[in-house]
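Remarks on the overall topology
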Amino acid sequence: GGSKWTLGGEYLLASGDTLLGVDDAGTAGDPTDDAITVGDEGLGGFYVFADWAWDSTNAVGVQYAQADVADEGALADAEEIDLYYTRHFSEYHRIRLAITQASFDDDDSTRFAIQYTGFVGAHAHGVNW
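Throughout, residues of each chain are indexed from 1 in the direction in which the sequence is written. Owing to the predicted nature of the model, reporting of local features is limited to residues with pLDDT of at least 70; listing and counting of side-chain atom pairs is limited to 80 or more, with chain, interface and lining totals taken over all residues. Excluding hydrogens and water, the side-chain values take into account all heavy atoms of the structure.

**So, the overall build of the protein**
What counts is decided by this rule: Helix numbers and strand numbers start at the N terminus; a helix is a DSSP run of H or I with at least 4 residues, a strand a run of E with at least 2. Think of it in three bands: with a 1.4 Å probe and only protein chains considered, a residue is buried below 20% of the maximum accessible area for its type, exposed above 50%, and partly exposed in between. A contact between two residues is defined here by any heavy atoms of the two lying within 4.5 Å. Working definition of accessibility: Shrake-Rupley area with a 1.4 Å probe, residue cover restricted to the visible protein chains.
Scanning the protein from N- to C-terminus turns up zero helices and eight strands. Secondary structure elements of the protein occur, N-terminal to C-terminal, as β-β-β-β-β-β-β-β. Classification of the 129 residues of the protein by burial places 22% in the buried group. Taking the contacts inside the protein whose residues are at least 6 apart along the sequence as the reference set, 43% of them involve residues at least 24 apart. For the protein, the accessible surface area stands at approximately 8700 Å², while carbon and sulfur atoms represent 56% of it.

**Observations concerning a nonpolar patch on the surface**
Put simply, the rule is: Nonpolar side chains (Val, Leu, Ile, Met, Phe, Trp, Tyr) are joined into patches within 5 Å and like charges within 9 Å, using only residues with over 30% relative accessible area and no salt bridge. For this document, the term salt bridge refers to a Lys or Arg side-chain nitrogen within 4 Å of an Asp or Glu carboxyl oxygen.
On the surface, W5, L7, W52, W54 and V60 cluster together into a nonpolar patch covering about 540 Å² of accessible area. Relative to the elements of secondary structure, L7 occurs in strand β1 (residues 4-14). The exposure class assigned to L7 is exposed, which follows from its relative accessible area of 64%.

Here it is as structure tokens:
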């Protein structure tokens, strides 16, 4: 019931045929002579977070994520930092308010989100998902 810190992270990796493109080496505007190209590049990404709950129902946190993204036959980088407040109404219901600064292939954006999560049945994790 008291305050606590939760720290976590995860690394994700995708391998195999991860890049797909269309080679318009034939007649421009004629899709019948186009070739599909496939690239075998490993895609990776990770996120880390720190969450501080000052009691059993209220918490604030920060999360940072970065990933390789297959974008039109090439790799692009995506990253974001997320600041959030979470209010747990019970074991089964929570609401999260978040502000996220995201960057994808040098294009920056900011978004505000309100997320409601409802769990069906008893639900718990070893870390705060």
